[in-house]
2 protein chains.
Amino acid sequence: MTNLENTIDRIKELMCEDTEAQLREELNSYHSADIADIFQQLSHEERLKCLTKIDEEKAADVIEYLPPQLQVEILGDIDESLASRLISKLPHDEAADVLGDMEDDDTETYLEKLPEKFSSEIRELLTYNEDTAGGIMTPLVLTVNYNLKVKDALDMIRTQAEEDNLELYYVYAVDKHKHLLGVVSLRTLLTSSVDAKISDIMVKDIVNVQVDDYQGHIADIFMKYQFNALPVVDLYNHLKGIVTWDDVKDIVEEETTDEIYTSSGIVTDLGDDDDDILTGSLSHSIKARTPWLFITLIGEFFAVWITNKYGATFSALPIIAAFMPLLVGLGGNIGTQSITLMVRGMSTGQITLHNGWSHIGRETITGLCIGLIFGLCVSFATWGWQCNAELGFVIGLAMALNMTIAAVIGTCTPLVLKKLNIDPAVASGPVITTAIDIIGLAVYLTLVTWYLITV
Amino acid sequence: MTNLENTIDRIKELMCEDTEAQLREELNSYHSADIADIFQQLSHEERLKCLTKIDEEKAADVIEYLPPQLQVEILGDIDESLASRLISKLPHDEAADVLGDMEDDDTETYLEKLPEKFSSEIRELLTYNEDTAGGIMTPLVLTVNYNLKVKDALDMIRTQAEEDNLELYYVYAVDKHKHLLGVVSLRTLLTSSVDAKISDIMVKDIVNVQVDDYQGHIADIFMKYQFNALPVVDLYNHLKGIVTWDDVKDIVEEETTDEIYTSSGIVTDLGDDDDDILTGSLSHSIKARTPWLFITLIGEFFAVWITNKYGATFSALPIIAAFMPLLVGLGGNIGTQSITLMVRGMSTGQITLHNGWSHIGRETITGLCIGLIFGLCVSFATWGWQCNAELGFVIGLAMALNMTIAAVIGTCTPLVLKKLNIDPAVASGPVITTAIDIIGLAVYLTLVTWYLITV
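Residues numbered from 1 in each chain as written. Chains lettered and ligands numbered in written order. Predicted model: local features only at pLDDT ≥ 70, side-chain atom pairs only at ≥ 80, totals over all residues. Heavy atoms only, no water.

## Observations regarding the relation of the copies chain A and chain B
Between the two copies, chain A and chain B, the superposition gives an RMSD of 0.1 Å; the rotation angle is 180 degrees and the shift along the axis is 0.0 Å. Between the two chains, the operation in question is that of a two-fold axis. Ranked by how close their C-alpha atoms come to the rotation axis, the residues of chain A are headed by Ser315(A), at 2.1 Å. Looking at the interface residues of chain A, 100% of them are also at the interface in chain B, so both copies use one shared face. (Least-squares fit on C-alpha atoms with pLDDT ≥ 70 in both. Contact = heavy atoms within 4.5 Å.)

Written out as structure tokens, the structure reads:
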């Protein structure tokens, strides 16, 4: 798919010309992921028209690649029996996600129309919180009894994989009560002697997750151990399902979006999907954005109140006021850089509470160096512009101090928050930049007032 | 590994007490990924001491889980023959990365010590740019001739997988010149009749990447199609290797860090690793952070120059100056929120040039609503504080205008940059917030001056 826009234009043309056979052929020749991309650029009616032209197997595949909102929208608008056929062709975890996103009545309607075994498996999945392993996993796992021989296991796998449309990652060894005992990679299975027993070739130190582990934890485990799939067990070590890397990919994307949104002071835990902030109702978007802005407002009003005490200074030398945005702006920027480096470093695991001190030291020196460079620049620029060396010196000194303090605050706050078990991403939000503003202004105004008195 | 800190303390204790056997047993009982985590918290000497206690197979595994800098550091400090043994146990792509990160002389020394076949395969990998598919892929792929029967293919796979220590993802069907013709999943292979021909069961529409495709493109393809592995081909469709999801995980993490750094005005394309900004030399860190700060400095000096023209206003009514940080701060914050939403939406593919207009409309309305709410708050607060309804009205109006304009600029700029093929993440950098500062101040000062004249 080299050029999505051209493809979309061609599809639209084919729809206008009503050349049904050609449209059908064209659509079915694409990969499902490409069709999903195309669907996202089409209008509601165009999408429905195209969907009916695609073979059912492929249509279910396309649904799988679509974002949640669109899945629900499309399934709600097509013929009910087609919709249930498509849902029954989805992998269990996807089907549960789609049904979970629908209105309760609709969920029930579809669950009743689905094949009984599938439907009861989905019902179980729907009982788990959707942000936990239980809500993410697929319950179909390739299992073999730990007592089997390799050749019998291979035969079993053949039948199981065919019946249940299973993806093959690892084979899990269980006892007759489905307790998880070991894991065998397909490579080991294929290269072992056919008469070896599964219990002899399986790995017994299994990294697993619990059904009620939260998605952030699951993503961390995946990233750390770099498996393709992780088994999910309940409290009694019964194997309940597996989480695969394509589930984790979605989690990681979501967590990154959360981290980035939080850093900009956008509230992400309103109980809905992050996507709603971008595409949901206007009131939702306003609710997500105003809380931190309000806190900034209060903080900045405090800055106004402090600054107002220096009214006499502004009357005496108005240029003092003109320099405020410069001081505040650069302090905020270097502070934001420090916060970003710390928050990201913590989220990738490079910065820990263990090595945090050395980073504070490093950032302080960096802040001091950059502060001195910029302080000198501002000194000379002001001196040259206003022909006033003392004023240049005072403003340059304020700049250097301000930038150093901002870097130190920006570095320490995320660490302190982490120590207090608060999400450090909050630090880069408006609160800390407001704090940096207030401190920066206080330092600056104290310095210039002292200058005005002494000169 | 429930508690890393406790484990580290225990390991340190075991080292002090010089109970070698116990230390050896303890270390070898951990998963390699856990040992890698522990290593990152140990001192240089402690790490070397521990490494020699770990079985060689496992030690190579631990090296694989370590960050690049640490890999090079450790291998450079241990006995040369042990180092080459460990390197020869790494997967090809990891070995090439490690050797590529060393000084040229060291690379050559090790290459000469490695087994000849391995060494020549690594030499080929080292010829590719490390940010392209060629530099990321592993050259060992499970291939079968497309003419084979399933049962012969399974036999071949058994031998190949055992000899080359291959991970099994998919089996690639090639002709005798190694042209890539199709792909067969292990599931299909195991569930097909043993007498079927590979060419009859293979999928012929193969999504692949070229050896010189850049890593961002590879990550996009992976995320879109959700495969476990992608074949890498050269210009003539010869199969050169595969890229697997654990390679992509690193790319995605790196790209996310780039996006986040760039958004905070930290320069990421200095030719080195992003990690260097956090842990490299001080001068490197300063070089990464100053460029955008300098541009901010120039922009903000322009703001000072404009503001200074309103000196008479400040002399007449100093509180006007005191309100500047409030105006600038809130404008900057809402603008940053808008930029963040747009840049992230573009990077996850939810916002495209196609649907960009509707987002501009939406953000403008959101900005206007939030602007009005905050404008009213500020009006009443100022009125109450200063007992001056007109002043309250003017400042509230400036606030509302400022926030709306900031939201619109924050939304449009990333789209315009994207249209111009410039990385939209740059927009959230200091440049746009400085532009928002300048425009906000100009609007505010014009309004208050007009108010002072009319009152």
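So, next bit.
## Some details on the environment of Phe118(B)
All names here are of chain B. Relative to the helices and strands, Phe118 is located in helix H10 (residues 116-126). Classification of Phe118 by relative accessible area gives buried; the value is 9%. Sequence-wise, Phe118 and Cys16 are 102 residues apart; in three dimensions their C-alpha atoms are separated by 39 Å. (Helix = DSSP H or I, 4+ residues; strand = E, 2+ residues; numbered from the N terminus. Buried < 20%, exposed > 50% of the residue type's maximum accessible area, 1.4 Å probe, protein only.)

## Focus on the interface of chain A and chain B
Note on interface size: it is often stated as the accessible area lost on association of the parts. Contacts between the two partners involve 110 residues from chain A and, on the opposite side, 110 residues from chain B. Taken together, both faces of the contact between chain A and chain B bury some 10400 Å²; the carbon and sulfur share is 65%. Three residues stand out in chain A for area buried against chain B, namely Trp245(A), Leu278(A) and Arg289(A), and they jointly supply 8% of the buried area on that side. Two residues, Lys224(B) and Asp34(A), come together in a salt bridge whose shortest N-O distance is 2.4 Å. The tally of links between chain A and chain B comes to 32 residue pairs in polar contact (both at pLDDT 80 or more). Of the residues in the side of chain A that touches chain B, the class split is 56 nonpolar, 36 polar and 18 charged. (Buried area = accessible area lost by both parts, 1.4 Å probe. Salt bridge = Lys/Arg side-chain N within 4 Å of Asp/Glu carboxyl O. Polar contact = N/O pair within 3.5 Å; in protein donor to acceptor, adjacent residues only side chain to side chain. Nonpolar A, V, L, I, M, F, W, Y, C, P; charged D, E, K, R; others polar.)

## Structural notes on the environment of Val378(A)
Residue placement: Val378(A) occurs in helix H22 (residues 356-386). Separated by 71 residues in sequence, Val378(A) and Thr307(A) have C-alpha atoms that sit 21 Å apart. Contact partners of Val378(A), with chain neighbours within four places excluded, come to Leu326(A), Ile395(A), Gly396(A), Met399(A), Leu297(B) and Phe301(B).

## Focus on the packing of aromatic side chains
For the coordinates displayed, the defined rule picks out 17 aromatic pairs over all chains. Ring geometry for Trp245(A) versus Trp245(B): centroids 5.3 Å apart, planes at 10 degrees, classification stacked. Taken together, the residues Trp245(A) in helix H16 (residues 245-263) and Trp245(B) in helix H16 (residues 245-263) connect one chain to another. A residue is classified by how much of its surface remains accessible, and Trp245(B), at 3% relative accessible area, is buried. Following the ring pairs from residue to residue traces out a cluster consisting of Phe222(A), Trp245(A), Phe222(B) and Trp245(B). (Phe/Tyr/Trp six-rings, centres within 6.5 Å; stacked < 30°, edge-to-face > 60°.)

## Focus on the sheet that holds strand E4 (residues 209-210) of chain B
Residues and elements named next belong to chain B. If you trace the 3 strands from one edge of the open sheet to the other, you get E4-E5-E6, paired in mixed fashion. Either end of the sheet is taken by a strand with one partner, and the two such strands are E4 and strand E6 (239-244). Bridging between E4 and strand E5 (residues 229-233) involves 2 bridges; their strand directions are parallel. Bridging across to E5, Val209 finds its partner in Val232. (Pairing = 2+ DSSP bridges.)

## Examining a negative patch on the surface
Residues and elements named next belong to chain A. Together, Asp101, Glu130, Asp131, Asp220, Glu253, Glu254 and Glu255 make up a negatively charged patch on the protein surface. The greatest single-element share of the negative patch, amounting to 3 residues, is contributed by H16. Position of Asp101 relative to the elements: it lies in helix H8 (residues 92-101). (Patch = residues over 30% accessible without salt bridge, like charges linked within 9 Å, V, L, I, M, F, W, Y side chains within 5 Å. Areas by Shrake-Rupley, 256 points an atom, 1.4 Å probe, with all protein chains shown as cover. Lys, Arg positive; Asp, Glu negative; His and termini not counted. Charge placed at Lys NZ, Arg CZ, Asp CG, Glu CD.)

By themselves, these figures tell us nothing about what the structure is for.
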